[in-house]
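Survey of secondary and tertiary structure
Here's the letter readout for the chains.
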Amino acid sequence: MARSSYDPPASVPPPEAPVARALAPALRARLLGSGLLATGLVVVLLLVVGGLVGVPSAVVTGVVALATVGIVALLALLGPRHWVVRLDADGYRTRGLRSVRPRSARWTDVLDLRATRVESVRCLVVRLRDGSEATLPVDVVEGDPDELTALFSACLDRSHGYRRLR
């Protein structure tokens, strides 16, 4: 019998509509800042080396154009809120998180949930009936980590027909 090892607060009912969560804003800002810094350093380094060696101005223009394309691509990937975790009545799906395998499962295939720490990172471990486990780092997902864990638990309980006693 599937049971959740985490008891969500009574204030978190199972969602009626699909719930989608993006990367945490702090993580998106950190990734964006690192990408901009790395691009800037590469451009400055190539310009200094190009100035010392005597590279034609067409090459310098090409480097700056490639850097601009890279920055636009970085902004397109990290600017909008693309979902990384999605919960609905049928199951959960994840994308863009390397540590989560399998990336999706139906609630009927989920055996239980466990809140734990993996190398000092708060995680939600979703254990499946086939023996596999999906480890979701809850701190990299926007919103309250406890609320996300409670949503997972509420969806699992609803799919198995469990109701919270008040």
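Up top is the structure these notes are about.
Structural notes, computed from the coordinates. Computed from a predicted structure; not experimentally measured.

**Side note on the pairing of strand S7 (residues 133-137)**
Here strand S6 (residues 121-128) runs beside S7; their pairing, made up of five bridges, is antiparallel. Within S7, the position partnered with cysteine 123 by the bridge is proline 137. Here S6 folds back onto S7 in antiparallel fashion, the turn holding four residues, of which glycine 131 has a positive phi close to 95 degrees.

**What to know about a nonpolar patch on the surface**
Taken together, the side chains of Val44, Leu45, Val48, Val49, Leu52, Val53, Val55 and Val59 make up a nonpolar region of the molecular surface, amounting to roughly 740 Å² of accessible area. The greatest single-element share of the nonpolar patch, amounting to six residues, is contributed by helix H1 (residues 25-53). With respect to the helices and strands, leucine 52 occurs in helix H1. Its relative accessible area of 73% is what places leucine 52 among the exposed residues.

**Brief notes about H1**
Helix length check: H1 (29 residues) gives 42 Å between terminal C-alpha atoms against 42 Å at 1.5 Å per residue, within 8%. When H1 is considered as a whole, its buried residues turn out to be Leu27, Arg28, Gly35, Val43 and Gly50. Residues of H1 that are buried make contact with strand S1 (19-22) and helix H2 (57-78). With its phi angle positive at about 90 degrees, glycine 54 sits one or two positions after the end of H1.

Basis of the calculations
Residue numbers restart at each chain and count upward from 1, following the sequence in its written direction. In keeping with the model being predicted, local features are shown solely for residues with a pLDDT of at least 70 and side-chain atom pairs are shown and tallied solely at 80 or more, while totals for entire chains, interfaces and linings include all residues. Calculation of side-chain values draws on the structure's entire complement of heavy atoms; hydrogens and water are dropped beforehand. Following DSSP output, two strands are said to pair if at least two bridges run between them. Each helix is a run of H or I in the DSSP string that is no shorter than four residues. Each strand is a run of E no shorter than two, and both are numbered from the N terminus. Residues with no salt bridge and a relative accessible area higher than 30% make up the patches, which join like charges within 9 Å and nonpolar side chains (Val, Leu, Ile, Met, Phe, Trp, Tyr) within 5 Å. Using the Shrake-Rupley algorithm and a 1.4 Å probe, accessible areas are obtained, with residue cover drawn only from the displayed protein chains. Whenever Lys or Arg places a side-chain nitrogen within 4 Å of a carboxyl oxygen from Asp or Glu, that contact is recorded as a salt bridge. Accessibility here uses a 1.4 Å probe with only protein chains present; expressed as a share of the type maximum, an area under 20% marks a residue as buried, one over 50% as exposed, and anything in between as partly exposed. Working rule for helices: expected span equals 1.5 Å times residues minus one. Contact between two residues is taken to exist if any of their heavy atoms lie within 4.5 Å; hydrogens are not considered.

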